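Structural description and commentary
Chain by chain, the residues run as shown.
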Amino acid sequence: QEGPYSYCYPQGEDMLMVRSRNRDWLGMLTRDFREKRVLAVTHHENILALRANLERWSRETFIRVDEEESRHQNKRDKQRPYKNHAPHGNNAPGP
């Protein structure tokens, strides 16, 4: 199948691979860090893959939620005053 869920960058992963890797990661967390607090810092697709696994999303639900969140992010980006201006010499907002 084609589309955003099945797309794989060269030497990368499609979403099924990301979801599988996330299931392995969750298994390791629950096994090895049961009594500990864990902070995970990741990107949009990993967060969606984690949610999809935990909430048992179908491929269609994943694509719908991804599209909805992308539309909301685009609206927020347009409202940010630093969108086209990098006062600190990079693309990130200042402190």
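The structure this text deals with has already been given above.
Residues numbered from 1 in each chain as written. Predicted model: local features only at pLDDT ≥ 70, side-chain atom pairs only at ≥ 80, totals over all residues. Heavy atoms only, no water.

1. Quick notes on the packing of aromatic side chains
Counting across every chain of the model gives 3 aromatic pairs. With a centroid separation of 4.9 Å and 90° between ring planes, the pair formed by Tyr7 and Tyr9 is classed as edge-to-face. In this structure Tyr7 comes out as partly exposed when scored by relative accessible area, which is 45%. Judged by centre distance (6.4 Å) and plane angle (65°), the rings of Trp57 and Phe62 are edge-to-face. (Phe/Tyr/Trp six-rings, centres within 6.5 Å; stacked < 30°, edge-to-face > 60°. Buried < 20%, exposed > 50% of the residue type's maximum accessible area, 1.4 Å probe, protein only.)

2. Focus: helix 1 (residues 15-32)
Over its 18 residues, helix 1 extends 25 Å from the first C-alpha to the last, a length consistent with the 26 Å expected when each residue adds 1.5 Å. Those residues of helix 1 that sit buried are Met15, Val18, Arg19, Asn22 and Leu29. Each buried residue of helix 1 sits inside an arc of 95° when the element is viewed along its axis, so together they form one side. Away from its buried face, by an angle of more than 90 degrees, helix 1 presents the exposed residues Leu16, Asp24 and Arg31. Where helix 1 begins, the capping side chain belongs to Asp14, and its oxygen is found 3.1 Å from the backbone nitrogen of Leu16. (Helix = DSSP H or I, 4+ residues; strand = E, 2+ residues; numbered from the N terminus. Expected span 1.5 Å × (residues − 1). Arc of directions from axis to C-beta. Polar contact = N/O pair within 3.5 Å; in protein donor to acceptor, adjacent residues only side chain to side chain.)

3. Brief notes about the nonpolar core
In this structure, Tyr5, Met15, Val18, Leu48, Ala49, Ala52, Trp57, Phe62, Ile63 and Val65 together form the largest nonpolar core, which totals 10 residues. Elements supplying a minimum of two residues to this core: helix 1, helix 2 (44-55) and helix 3 (59-79). Beyond its immediate chain neighbours, meaning those up to four positions away, Phe62 contacts Tyr5, Met15, Leu48, Ala49, Ala52 and Trp57. (Core = buried A, V, L, I, M, F, W, Y, C linked by side-chain atoms within 4.5 Å. Contact = heavy atoms within 4.5 Å.)

4. Comments concerning the pattern of salt bridges
Counted according to the given criterion, the structure contains 5 salt bridges. The partner of Asp32 in a salt bridge is Arg31, and the shortest N-O contact between them spans 3.0 Å. The exposure class of Asp32 is partly exposed, given its relative accessible area of 43%. As a salt-bridge pair, Glu68 and Arg64 come within 3.3 Å of each other at their nearest N and O atoms. Here Glu68 and its partner Arg64 are both found in helix 3, 4 residues apart, which amounts to about one turn of the helix. Relative accessible area serves as the criterion here: at 29%, Glu68 is assigned to the partly exposed category. Using a relative accessible area of 42% as the deciding quantity, one classes Arg64 as partly exposed. (Salt bridge = Lys/Arg side-chain N within 4 Å of Asp/Glu carboxyl O.)

5. Notes on unusual backbone geometry
Of note in this structure, Gln11 is not a glycine but carries a positive phi near 60°. By secondary structure assignment, the location of Gln11 is in the segment before helix 1. What makes Gln11 exposed here is its relative accessible area of 89%. Unusually for a residue other than glycine, Arg56 sits at a positive phi of about 55°. Residue placement: Arg56 occurs in the loop between helix 2 and helix 3. A relative accessible area of 75% places Arg56 in the exposed class.

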